[in-house]
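# Overview (structure and organization)
This is what each chain is made of:
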Amino acid sequence: MTTPEGVARTAIVTVDDDAGVSRAVARDLRRRYGEQHRIVRAESGDAALDALREMKLRGDEVAVIVADYRMPGMNGIEFLERAMDLYPAARRVLLTAYADTGAAIDAINVVDLDHYLLKPWDPPEEKLYPVLDELLSRWHEEDRHAVHVTKVVGHRWSARSSEVREFLARNQIAYRWFESEAPDGQRLMQAAGADGLRLPVVITPDGDALVEPADAELASCVGLATTPSKDFYDLIVIGGGPAGLGAAVYGASEGLRTVLVERTATGGQAGQSSRIENYLGFPDGVSGAQLTERARRQATRFGAELLTTRDVVGLDVNGSARTVRFADGGTIDAHTVILATGVSYRQLGAPGLDDMTGRGVYYGSTLTEAAACTGQDIYIVGGANSAGQAAVYLAKHAKSVTILVRGATLERSMSYYLIQQIREIGNISVRTCTEVIAADGDDHLESLALRDTATGATETVEAQWLFLFIGAAPLTDWLDGVVDRDERGFVIAGPDLSIEGDRPRGWELDRAPYHLETSVPGVFVAGDARAESAKRVASAVGEGAMAVMLVHRYLEKL
Ligand SMILES: Cc1cc2nc3c(=O)[nH]c(=O)nc-3n(C[C@H](O)[C@H](O)[C@H](O)COP(=O)(O)OP(=O)(O)OC[C@H]3O[C@@H](n4cnc5c(N)ncnc54)[C@H](O)[C@@H]3O)c2cc1C
């Protein structure tokens, strides 16, 4: 049997305290089953349980466990009983001496024994292999196979569990979700030695268990780069949305030593979109995740470095070098910088919402939570395209979707094609002139207080799920005093910097700032973070590419 990539060889585990017997069993098993199965041997119940725990964490499957009955400390039946907690589906065989047949018969009831074998089992062709052949074929008929992926054990209403799932999904890391209260989840937590008080428990494909990990720890454990390989680059791109990824692709493909630094996950806002329908070249639409995955691959193929979970908190000018500071105090330098930090959802300040965030209240996150919303009543706040897309997507799973909009119509804020789609979907309704004024619940959202903005009337509705897509703010305070921004925090660039033809304050070059150049020479801005930008995927990508062209022009004259 070949072993497909990512699928582990199923194990047969044997335990006997007599080293000679243990080796003999393992040798006989290896001779017949060694090519297709991994034979794992232990000389005590405790050692075998350790091995089983390790295999559980790694995601290995165990088909058969062969245990000797008479072992000091923990006998074979006690061992099999505990092994069942980890591998309930593994077939169980007890090795007994003739005198212990009674105990073996009792074990049939205690641990649901599949077989007992009398020692000695020679010749194995007659006494051991026929039994094992049958058990293995029954086990394999169930078409179970181990796939080594990241596993997340968490609780539906644990905010950190929800964030971790969102983080993995947005970084395109395949994972399997296990409810902490379900038997599979309990087994994994037992194997990890976790008490379930701190969730989630993340188990990497190598079998390492991380309890309530921070993003940076998670990133490095699942193979995402978090540290730069050089001290100095031609170009640092800050932000991994469409503008940043566009800049990274063009920068690296044109020979610039390029590093992209992203706070959470590449893709930015676009990465959270269930279907972008107006991006050139995708007549049937494309999901944000697909677009991001392709752009990431493209950027790395050209040699761009992509760092995730690195939050940029400062920008300094050091002669001709531009220094970027990270939240953990680290720095990197470059000749040039492209700011592609986009915008983030504003948080709604209504009482109770903060407490319920991640416990029924989500900013974005529709793609991750959609499956859990099956058959449920959902509320969405927002009147722009992002809210409309979320409604269309969630309506496929939910019983009902109610869009709450403060304004009197959707027409002013949402694209015509989306309004048409929404009208045609029976389980979506739109409540205009409505705002959320409070949220309530114990460990998760249970109700919302709504207010009619026209009449002032209030009402309370039962609600377990609320998704918010309200306005967006550029989080650029860290640029204060370095780069000119408008009153809302958007970065001003090019001609917009000149007041009545004058150069920006402190500008010392004898040329005007290039089109996407900020008030600091060699620092450019692209995408939604730029003042007066179009707030579209295509324009963000285009500006990323254009900024790289201007970087070349800047470098030529350096
Ligand atoms: C749900 C949704 C659906 C949308 N649908 C469409 C659509 O159908 N068509 C369309 O044209 N547009 C759509 N948009 C808008 C579009 O996604 C944005 O215009 C586009 O993503 C802007 O790209 P950007 O790269 O400028 O910024 P963003 O996408 O906002 O990316 C900015 C990135 O920078 C990172 N970042 C920010 N600050 C820092 C820092 N200090 N350090 C490190 N990293 C940082 C952020 O984490 C983020 O990943 C949608 C938006 C949303 C939210």
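See the structure shown above.
Here is what the cut-offs are and how they apply
Residues numbered from 1 in each chain as written. Predicted model: local features only at pLDDT ≥ 70, side-chain atom pairs only at ≥ 80, totals over all residues. Heavy atoms only, no water. Helix = DSSP H or I, 4+ residues; strand = E, 2+ residues; numbered from the N terminus. Buried < 20%, exposed > 50% of the residue type's maximum accessible area, 1.4 Å probe, protein only. Expected span 1.5 Å × (residues − 1). Arc of directions from axis to C-beta. Contact = heavy atoms within 4.5 Å. Pairing = 2+ DSSP bridges. Axes fitted to C-alpha atoms, helices over the stretch in contact; angles between N-to-C directions. Phe/Tyr/Trp six-rings, centres within 6.5 Å; stacked < 30°, edge-to-face > 60°. Lys NZ or Arg CZ within 6 Å of the ring centre and 35° of its normal. Right-handed = clockwise from strand over helix to strand, strands pointing away.

### Some remarks on unusual backbone geometry
Following Asp122, the chain continues to Pro123 via a peptide bond in cis, the omega torsion being -15 degrees. When you line up the elements, Pro123 lands in the loop between β5 (115-118) and α5 (124-127). Between Leu199 and the following residue, Pro200, the backbone shows a cis peptide bond with an omega angle of 5 degrees. Positionally, Pro200 belongs in the loop between α8 (183-192) and β8 (201-203). Phi angles above zero are rare outside glycine, and Glu532 is one such case at about 70 degrees. Position of Glu532 among the secondary structure elements: in the loop between β26 (523-525) and α16 (537-556). Classification of Glu532 as exposed rests on a relative accessible area of 68%. If you check the backbone angles, Lys535 has positive phi at about 55 degrees while not being a glycine. Topologically, Lys535 is positioned in the loop between β26 and α16. By relative accessible area, Lys535 is classed as partly exposed at 34%.

### Quick word on helix α11 (residues 288-301)
The periodicity of an α-helix, 3.6 residues per turn, causes residues three or four places apart in sequence to face the same way. When the terminal C-alpha atoms of α11 are compared, their 20 Å separation across 14 residues agrees well with the 20 Å that a helix rising 1.5 Å per residue should span. Turning to α11, its buried residues are Gly288, Leu291, Thr292, Ala295, Arg296 and Ala299. Considered in projection along α11, the buried side chains sweep an arc of 130 degrees and stay on one side of the axis. Of the residues in α11, the exposed ones pointing more than 90 degrees away from the buried face are Arg297 and Arg301. Elements in contact with the buried residues of α11: α10 (242-253), β12 (305-307) and α16.

### Concerning the sheet that holds strand β23 (residues 458-462)
As summarised here, the arrangement of the three strands in space is β21-β22-β23, forming an open sheet in which the pairing is antiparallel. The open sheet terminates on both sides in strands that have one partner only, identified here as β21 (434-441) and β23. Ignoring which end each strand starts from, the neighbouring axes of this sheet average 25 degrees apart. Summarising the sheet, strand β22 (residues 445-452) and β23 pair through five bridges and their orientation is antiparallel. Across the sheet, residue Ser447 finds its bridge partner in β23, namely Glu462.

### Focus on the packing of aromatic side chains
Two numbers describe a pair of aromatic rings. These are the distance of the centres and the angle of the planes. For the structure shown, the criterion picks out seven aromatic pairs. Taking 6.0 Å as the distance between ring centres and 20 degrees as the angle between the ring planes, the aromatic pair formed by Tyr279 and Phe282 counts as stacked. Tyr279 sits in the buried class, given a relative accessible area of 19%. Relative to Phe467, the ring of Tyr362 has its centre 5.4 Å away and its plane inclined at 25 degrees; by these criteria the two rings are stacked. Here the residue Tyr362 occupies a position in strand β17 (residues 361-363), and Phe467 occupies one in strand β24 (residues 465-468), the gap between them amounting to 105 residues. In terms of burial, Tyr362 and Phe467 fall into one category: buried. Connected via pairs of aromatic rings, a cluster forms that spans Trp157, Tyr362, Trp465 and Phe467. The ring centre of Tyr87 lies 4.7 Å from the NZ or CZ of Lys56, which sits over that ring.

### A closer look at the pairing of strand β20 (residues 428-431)
One ladder, built from four bridges, connects strand β19 (residues 400-404) with β20; its direction is parallel. Its bridge partner being in β20, Thr402 is matched across the sheet by Ser429. As for the winding sense of the linkage, the β-α-β connection from β19 through helix α15 (residues 416-424) to β20 is right-handed.

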